[in-house]
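Below are the chains, spelled out letter by letter.
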Amino acid sequence: MRKRTLFRLAAGTATIGAATLAYASLIERNMFTLRRYDVPVLPTDAEPLRVLHLSDLHMMPDQARKQRWVASLAALDPDLVVVTGDNMAHPGAVPGVLRALQPLLDYPGAFVFGSNDYTGPVLKNPFSYFLPDREYTEGVELPYEELRQVFTGAGWADLNNARTSLKAGGRELDLVGVDDPHIDRDDYPSVSGRVASSADLSIAVTHSPEPRVLDQMAADGFGLLLAGHTHGGQVCVPGFGALVTNCGLPRSMAQGLHRWPGSDSWLHVSAGLGTHPTAPVRFACPPEASILTLIPR
């Protein structure tokens, strides 16, 4: 009797595990979701301004469903598009990224790169994400300069350790960004400084939401901080949330809109639209894009 009970428990556990894996790999990772947030960062009586935040496409050449869904977001008619990196996951990904983003290139935009814009993914033990000091391993070089030329050729602002101003929605924006802190490419001191007094809105952009970078951006007075990288945890536990963030950000801030501690700044972390190709699963954390409606404080 005891052996039969143990066998049934083992069989039941294996069935549940297989069903969960099938759901996470075949269903949820393709459940593209649009999140909507109101962010009170504009001056009193200002008209709302809409920012489309995209991150972590991790595009493979054959991901036509993802490409069509992202392209359809042009129907939202955003005032500004911000892309926070990790666009590619394959040396041949640029055409797929272009199919996804082409309709959005007609809008004012800005971007930074993530580590997986520079080098491709490598097979790794998923449990290594629980090790904060694990060694970073580079894969094959990706065509990031080709992608940069596509974006800048469309007039998008390259914010990789750069600062600029642009007009969007009839407003003057002060924008700053850093290259990916996850692989120590950031150099915020080279672009730091208080927000321009003439700006109607200020936005700071980074791929990985490292607190050491966000603290400096908030201290300079940037009202909205945008980041990706975390995948929202990618595999979450209902009622508990993300298990890891793969950076210094607390698990409670792995995705969504939060007030950055000790400042007047708001942080939005996108859970992103893709997955690492060697771990193509999402659980309790569907892929997402976000439309941020900026409103008066």
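Computed from a prediction, not measured in an experiment: that's the story for all the values here.

### Notes on the overall build of the protein
Then, number 1: From N to C terminus, the protein includes six helices and 14 strands.
Then, number 2: Per-residue burial over the protein gives 51% buried out of 297 residues.
Then, number 3: Summarising the internal contacts of the protein: among those between residues at least 6 apart in sequence, 74% fall at separations of at least 24.
Then, number 4: As displayed, the protein has an accessible area near 13300 Å², and 56% of this comes from carbon and sulfur atoms.

### Description of the sheet that holds strand β2 (residues 49-54)
Then, number 1: Spatial ordering of the open sheet is given by β1-β14-β2-β3-β4-β5, a layout of six strands whose pairing is mixed. Unpaired on one side and paired on the other, β1 (33-42) and β5 (157-158) mark the two borders of the sheet.
Then, number 2: Across nine bridges, β1 lies against strand β14 (residues 288-296) in parallel orientation. Residue pairing for β14: Val39 is matched across the bridge by Leu294.

### Quick look at the pairing of strand β12 (residues 256-259)
Then, number 1: Where β12 lies against strand β13 (residues 266-269), four bridges are found, and the strand directions are antiparallel. Counted as the bridge partner of Gly256 is Val269 from β13.
Then, number 2: Once β12 ends, the chain turns through six residues before running back antiparallel as β13, passing Gly262 with a positive phi of about 75°.

### Considering unusual backbone geometry
Then, number 1: Even without glycine at this site, Asp45 takes up a positive phi of about 70°.
Then, number 2: Counting through the fold element by element, Asp45 comes out in the loop between β1 and β2.
Then, number 3: Owing to a relative accessible area of 72%, Asp45 belongs among the exposed residues under this scheme.
Then, number 4: Positive phi outside glycine occurs at Asp184, with the angle close to 60°.
Then, number 5: Among the secondary structure elements, Asp184 is positioned in the loop between β7 (171-177) and β8 (201-205).

### Details of a nonpolar patch on the surface
Then, number 1: On the surface, Val235, Val237, Phe240 and Leu243 cluster together to form a nonpolar patch covering roughly 310 Å² of accessible area.
Then, number 2: Checked against the element boundaries, Phe240 lands in the loop between β10 (236-237) and β11 (241-242).

What counts and what doesn't
- Going along each chain's sequence as written, the residues are numbered from 1 onward.
- Given that the model is predicted, a residue must reach a pLDDT of at least 70 before its local features are reported, and side-chain atom pairs must reach 80 or more before they are shown or counted; all residues, however, enter totals for whole chains, interfaces and linings.
- The side-chain numbers reported here are obtained from all heavy atoms of the structure, hydrogens and water having been left aside.
- Runs of H or I in DSSP of at least four residues are treated as helices and runs of E of at least two as strands, each being numbered from the N terminus.
- Buried residues are those whose accessible area, probed at 1.4 Å on protein chains only, stays under 20% of the maximum for their type, while exposed residues exceed 50% and partly exposed ones sit between those limits.
- Note on contacts: a residue pair qualifies if any of its non-hydrogen atoms lie within 4.5 Å across the two residues.
- Throughout, the Shrake-Rupley method with a 1.4 Å probe supplies accessible areas, and for residues the shown protein chains are the sole cover considered.
- Pairing between strands is defined by DSSP: at least two bridges between the two strands are required.
- Only residues above 30% relative accessible area that lack a salt bridge enter a patch, with like-charged residues linked at up to 9 Å and the nonpolar side chains Val, Leu, Ile, Met, Phe, Trp and Tyr linked at up to 5 Å.
- Here a salt bridge means any side-chain nitrogen of Lys or Arg lying within 4 Å of a carboxyl oxygen belonging to Asp or Glu.

In short, the description is geometric, and any link to function would need to be established separately.
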